[in-house]
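# What the coordinates show
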Amino acid sequence: MKKDEYFSEEQLNAFVDGELDPEERSQLYNESAQLAELDLRLCQLRKAKELVRYGYEDVPQPSRGARTKIGRRGYFSTALVATFLLVFGLSVGFLARNYMVEGQADKYFDTAAHPAATTSNYLLHVASGEPAQMLAALQEARHLLESAPAGELRQVEVVANERGLDLLRADVTPFATEITALQASNVVFYACSRTMERLEEKGVEVQLVPNTNSAHTALDRVVTRMKDDWEYIKI
Amino acid sequence: MASNSFLGFTQRRAFKKLVSNSRGRLYRMAFAWTHDPHLADDLVQQTLYKALRNQRQLKDIGAAEAWLFRILSNCLKDYHRVKREVLSPEELVIVDQKTPEHESGEQQLVNNVRNAVRKLPLAQCQVITLVDLEGFTYATVAETLEIPVGTVMSRLCRGRRALREFLADVWVEPQSGRTATLKRVK
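Please read all numbers here as calculations on a predicted model, not as lab measurements. (Residues numbered from 1 in each chain as written. Chains lettered and ligands numbered in written order. Predicted model: local features only at pLDDT ≥ 70, side-chain atom pairs only at ≥ 80, totals over all residues. Heavy atoms only, no water.)

### Structural notes on the overall build of chain B
- Scanning chain B for helices and strands turns up 10 helices and 0 strands.
- Going residue by residue from the N terminus, the α and β elements of chain B occur as α-α-α-α-α-α-α-α-α-α.
- Here chain B holds 186 residues, and 48% of them are scored as buried.
- In chain B, the proportion of contacts linking residues at least 24 apart, taken out of those at least 6 apart, comes to 68%.
- Put simply, chain B shows about 9,500 Å² of open surface, and 51% of that area lies on carbon and sulfur atoms. (Helix = DSSP H or I, 4+ residues; strand = E, 2+ residues; numbered from the N terminus. Buried < 20%, exposed > 50% of the residue type's maximum accessible area, 1.4 Å probe, protein only. Contact = heavy atoms within 4.5 Å. Areas by Shrake-Rupley, 256 points an atom, 1.4 Å probe, with all protein chains shown as cover.)

### A short note on the overall build of chain A
- Broken down by element type, chain A carries 9 helices and 5 strands.
- Per-residue burial for chain A yields a buried fraction of 39% across its 235 residues.
- Within chain A, counting contacts between residues at least 6 apart in sequence, those at least 24 apart form 72% of the total.
- Surface accessibility of chain A: about 14,000 Å² in total, with carbon and sulfur atoms responsible for 54%.

### Side note on the interface of chain B and chain A
- Contacts between the two partners involve 51 residues from chain B, matched on the other side by 49 residues from chain A.
- When chain B packs against chain A, the two sides together hide about 4,600 Å² of surface, and 59% of this comes from carbon and sulfur.
- There are 7 salt bridges connecting chain B and chain A.
- Between R161 of chain B and E9 of chain A there is a salt bridge; the shortest N-O distance is 2.9 Å.
- Between chain B and chain A we count 19 residue pairs in polar contact (both at pLDDT 80 or more) in total.
- Those elements that place two or more of their residues in the side of chain B that touches chain A are α1 (9–21), α2 (23–34), α3 (37–53), α6 (105–119), α7 (122–132), α9 (149–166) and α10 (180–185) of chain B.
- Take the side of chain B that touches chain A: its biggest share by element is 10 residues, from α3 of chain B.
- For the side of chain B that touches chain A, the per-class residue count stands at 26 nonpolar, 9 polar and 16 charged. (Buried area = accessible area lost by both parts, 1.4 Å probe. Salt bridge = Lys/Arg side-chain N within 4 Å of Asp/Glu carboxyl O. Polar contact = N/O pair within 3.5 Å; in protein donor to acceptor, adjacent residues only side chain to side chain. Nonpolar A, V, L, I, M, F, W, Y, C, P; charged D, E, K, R; others polar.)

### A closer look at the sheet that holds strand β1 (residues 122–126) of chain A
All names here are of chain A.
- In spatial order, the strands read β4-β3-β2-β1-β5; together these 5 strands make up an open sheet with parallel pairing. With one partner strand each, in any of the chains shown, β4 (213–215) and β5 (231–234) form the two edges of the open sheet. Strand-to-strand twist in this sheet, taken as the mean axis angle between neighbours without regard to direction, amounts to 25 degrees.
- Pairing analysis gives 4 bridges linking strand β2 (residues 156–160) to strand β3 (residues 188–192), with the strands arranged parallel. (Pairing = 2+ DSSP bridges. Axes fitted to C-alpha atoms, helices over the stretch in contact; angles between N-to-C directions.)

### Things to note about the pairing of β3 of chain A
Residues and elements named next belong to chain A.
- Of all 5 residues that make up β3, 4 are buried, and the element is covered over most of its length.
- As for the winding sense of the linkage, the β-α-β connection from β2 through helix α7 (residues 176–184) to β3 is right-handed.
- As paired strands, β3 and β4 are joined by 3 bridges and run parallel to one another. Its bridge partner being in β4, Y190 is matched across the sheet by N213.
- Read as a crossover between parallel neighbours, the route from β3 over helix α8 (residues 193–201) to β4 is right-handed. (Right-handed = clockwise from strand over helix to strand, strands pointing away.)

### What about the confidence of the model for chain A?
Residue and element names in this part refer to chain A.
- The predicted model of chain A has a mean per-residue pLDDT of 78, with 73% of residues at 70 or higher.
- Residue range residues 65–78 is modelled with pLDDT below 50. Its contacts to residues more than four positions away, or to other chains, number 5 contacts.
- This stretch, residues 100–117, has a pLDDT under 50; its non-local contacts, to residues over four places away or in other chains, come to 9 contacts. (pLDDT = per-residue confidence, 0-100.)

### As for the pattern of salt bridges
- For the structure shown, the criterion picks out 19 salt bridges over all chains.
- A salt bridge links R198 of chain A to D42 of chain B, with the shortest nitrogen-to-oxygen separation between them at 3.2 Å. Here D42 of chain B lies in helix α3 and R198 of chain A lies in helix α8, a pairing that spans two chains.
- With relative accessibility at 40%, the residue R198 of chain A sits in the partly exposed group.
- On the accessibility criterion, D42 of chain B (19% relative accessible area) is buried.
- Bridged by salt links that share partners, the residues D17 and K49 of chain A together with D132 and R160 of chain B form one connected network.

### What to know about α7 of chain A
All names here are of chain A.
- Listing the buried residues of α7 in full gives I179, L182 and Q183. For α7, the buried positions fall inside an angular range of 105 degrees around the axis, keeping them on one side. Facing away from the buried surface of α7 by more than 90 degrees, the exposed residues are T177 and A184.
- Tucked into the core, α7 has its buried residues touching α6 (131–146) and β3. (Arc of directions from axis to C-beta.)

### A look at the packing of aromatic side chains
- What the rule picks out here adds up to 6 aromatic pairs over all chains.
- Their ring planes at 65 degrees and their centres at 6.5 Å tell us that Y56 of chain A and F31 of chain B sit as a pair that is edge-to-face. Taken together, the residues span two chains, with Y56 of chain A in the loop between α3 (36–55) and α4 (66–96) and F31 of chain B in helix α2.
- Taking relative accessible area as the criterion, F31 of chain B reaches 6% and is therefore assigned buried.
- Centroid distance F69 of chain B to F136 of chain B: 5.3 Å. Interplanar angle 85 degrees. Geometry classified as edge-to-face. Pair noted here: F69 of chain B is in helix α4 (residues 64–83) and F136 of chain B is in the loop between α7 and α8 (138–145), with a separation of 67 residues, a long-range link. As far as the burial class goes, F69 of chain B and F136 of chain B line up, both buried. (Phe/Tyr/Trp six-rings, centres within 6.5 Å; stacked < 30°, edge-to-face > 60°.)

Quick look at the structure:
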């Protein structure tokens, strides 16, 4: 056995990956300084490692559609507007304090009837092309809106993908009227762009019900809303 | 939501931040495993969705990274199980839609490396990329892929050996065994 073969290939890999204990590492350092063959083997392993890193140094992600466009600047401007409104509101409140006598507050603010507003928001996900499932989603959206306790600011979104996209296709859906009515009640509908792309690749022209938004993918929307602590309901 | 989580409120916030910040790294890994941008994106979405849905299962925020990559690996397994297919190099070249004539030298090297990694069996590819791209320890890779550390080591050996063969064209060996040049590389 040649002297450089005292070290197994596993050991040499562990060396370049920093997995050897200090004693073994020191021994290998010393030996590699003496043995050109061993040094060469280590070099080859390091090169393989470096090449893999190089090959995937820059992997651009697919565009994330509208969500990316919001970006930091979007949040910054939103924060700026919110701050302005807060300062404005406080100023108006301060200036108007003399116009409201004690006891009149209840006349203007029925605190008993409208307890502190809470948020309980729902995202419904439709992936089935069965009309019964689509109808169930719309009924559930309506039920969620109507069952919100007084004072609760409830938001409901419906996201459709795969066969469920038919729900939002203007020329296919049997529920255009119901969707329009729900939109008027502030239910927001999202269509999966990925599903639309796939249909268009097959030559199917996709036209959505008016006022339908598009999400990069349905799951993208689900993940975003789950991060916002929304309740997720798969129909 | 998730009021009975094993993670406290602060940790859950930290977890959500980690999930958001990990998207790019998960995507790079998914791409290295599949070499299909759309599939990689889908896998990352599924991973994030599952991670958020099952965050109650996570007891230690320190283990969250490995846990995310384990979910990604399981999503890929599920994909292959459902599709019952393994992406062939021929299919994947079409996805790239690039020809060597249009590539710069740097891009060509990148493509050569990716083609070489693509030819590896998925098991070797996963070990190599987790170690080389994410810098995971062998123990973390073992935990992520749910395999023994010994298996991690042997897959890594075989994978790197195979890479060297696949990259023979760009693999310029030194002319003599002992040269000062090699030592400068270190």
